[in-house]
Structure formats: C-alpha cells, structure tokens
Amino acid sequence: MTFRLRDATPADLAAITEIYRDSVLNGTASYEIAPPDQTEMAGRFQAIRDKGYPYITAEDDDGTLLGYAYASAFRTRPAYRWLVEDSIYLAPEARGKGVGKALLKELLIRCEALGFRQMAAVIGGASPASVAVHKSLGFEMTGTMKGTGFKHGKWLDTVFMQIALGDGTNTAPDPATYPGSLFSE
Ligand SMILES: CC(C)(COP(=O)(O)OP(=O)(O)OC[C@H]1O[C@@H](n2cnc3c(N)ncnc32)[C@H](O)[C@@H]1OP(=O)(O)O)[C@@H](O)C(=O)NCCC(=O)NCCS
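A brief report on the enclosed structure follows. (Residues numbered from 1 in each chain as written. Predicted model: local features only at pLDDT ≥ 70, side-chain atom pairs only at ≥ 80, totals over all residues. Heavy atoms only, no water.)

**Digging into the packing of helix H3 (residues 99-114) against helix H4 (residues 128-136)**
Reasoning step 1: Running from N to C, H3 and H4 point in directions that differ by 50 degrees, and their axes come no closer than 10 Å. Between H3 and H4, the angle is such that the two are oblique. Classified by chirality, the crossing of H4 by H3 is right-handed. Residue-level contacts link Gly-100, Lys-101 and Leu-104 of H3 to Val-133, His-134 and Ser-136 of H4.
Reasoning step 2: Taken together, the residues that form the contact of H3 with H4 break down as 2 nonpolar, 3 polar and 1 charged. (Axes fitted to C-alpha atoms, helices over the stretch in contact; angles between N-to-C directions. Helix = DSSP H or I, 4+ residues; strand = E, 2+ residues; numbered from the N terminus. Parallel < 35°, antiparallel > 145°, perpendicular 65-115°, else oblique. Left-handed = near helix turned anticlockwise from the far one by under 90°. Contact = heavy atoms within 4.5 Å. Nonpolar A, V, L, I, M, F, W, Y, C, P; charged D, E, K, R; others polar.)

**Observations concerning the packing of helix H1 (residues 13-26) against helix H2 (residues 38-50)**
Reasoning step 1: Packing of H1 against H2 brings their axes to within 9 Å, and their N-to-C directions diverge by 105 degrees. When the axes of H1 and H2 are compared, the pair comes out roughly perpendicular. Here Leu-13, Ala-14, Ile-16, Thr-17 and Tyr-20 of H1 come into contact with H2, specifically with Gln-38, Met-41, Ala-42, Arg-44 and Phe-45.
Reasoning step 2: The residue makeup of the contact of H1 with H2, split by class, is 7 nonpolar, 2 polar and 1 charged.

Below you can see the structure in the form of structure tokens.
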C-alpha cells in the first residue's frame, strides 16, 4: 500500500472524527464511551496545534484518509513538559499495512526536533497491535496498571511504554530552547 504523510488540516476533521468514532465504539485504545462529534474533535485539534504539537495524517493515492497521529502533553504540570504522549488511530481497513508505524516514526522525528526528551505511549486495553507498533520503533515497557478501565463488559489493563528522544536524560534540558507556546500552565 502506498500512502503519504502530511500535516493534518481542518479539512481532515470529518474523516478524523469518523476514524476515532470507530475506535471509540469498537475498540479499547480509547477509554471514551461516547464518540465525540466533529465540533468537539475540531476543538481538540485546535488546542493541540495551538500549543505547537505535531498532528499528522496518512492518506492514500486517492486522498482518502487512512489514519492520523498526534503528540500532546502527558500531564499538564510544568515539570512534565519535556514528555509527550502519542496517539495514533487508523481506519480499520488501513491496519496491519505499515501505516501506523510510519505515522509513529514521523511523530518521533518531529518531537525530537522540537526538543522533547521522552515520548510515552499509554496503551488502553493493552492492545497487542499498539504494543507491537511501539516495540518495533524501540519503545520499552515501563509498566502495567491493572483494571484501569471498564468497557465492552470487561476490565481493561493499561500498558505504559516509553522511548527517549535526543539526549534523553543524559543532559539537563535548556529551558531557553523550549518552544514557549507548547505549554500553557
Ligand atoms: C495500533 C495501530 C496504530 C497499529 O498500526 P498498524 O498500521 O496497524 O501497524 P503496522 O502495520 O504499522 O505494524 C507495526 C508493527 O506492529 C506489528 N503488528 C501490527 N498489528 C499487530 C497485531 N494485531 N498483533 C501483533 N503485531 C502487530 C506489525 O507486524 C509490525 O511489526 P514489525 O515492524 O516488527 O514488522 C492500528 O492498528 C490502530 O489504529 N489500531 C486501533 C487504534 C489503536 O489501538 N491505537 C493505538 C492507541 S495507543
């Protein structure tokens, strides 16, 4: 399958909303129960872009959106600001063809270039596909929280994975290099 990666734009929000809707209704990656509508997804998209985090898409040769990925704050207290969390969602028919790995690889490159030092994956339902895509790019398991969610009639574990970016913890970060708009708290 050939596809290309590019920055997401507001014109992608209908397709992004539909892709996320399927994951919310049928999967455990997201712990949301009711799918957000396009207005809500537009607000979330804008909030991520306003802080300068990358939000990217993969599309096929016909321009059909196959999936999207973005980075966002892991938690909003300022000492966490060198750590980002990734999110990736693909349309069901686009899975298992290398699209998720390509999106995550691009996200890693962009977040490292921005100066972040760590990326975390918070994997709802301990999804084997999500664990596999992160492992394939060098993420390591850092822990499992048991029974953190209840969805589709069963208790869900959450797996945490992590990878260092750039200098990681080898050097102290230079606050002067932090893109100031990325963190508002
Ligand atoms: C998880 C997801 C992003 C993975 O993307 P993908 O395009 O399907 O995965 P890829 O085809 O890029 O595969 C990447 C690696 O994972 C492996 N993999 C993919 N699906 C797998 C599965 N179901 N079980 C085991 N391994 C799997 C591939 O073999 C590949 O390994 P390799 O690089 O060593 O050859 C995608 O399946 C998806 O959107 N799932 C629903 C939403 C979700 O779970 N999002 C993650 C939120 S943290």
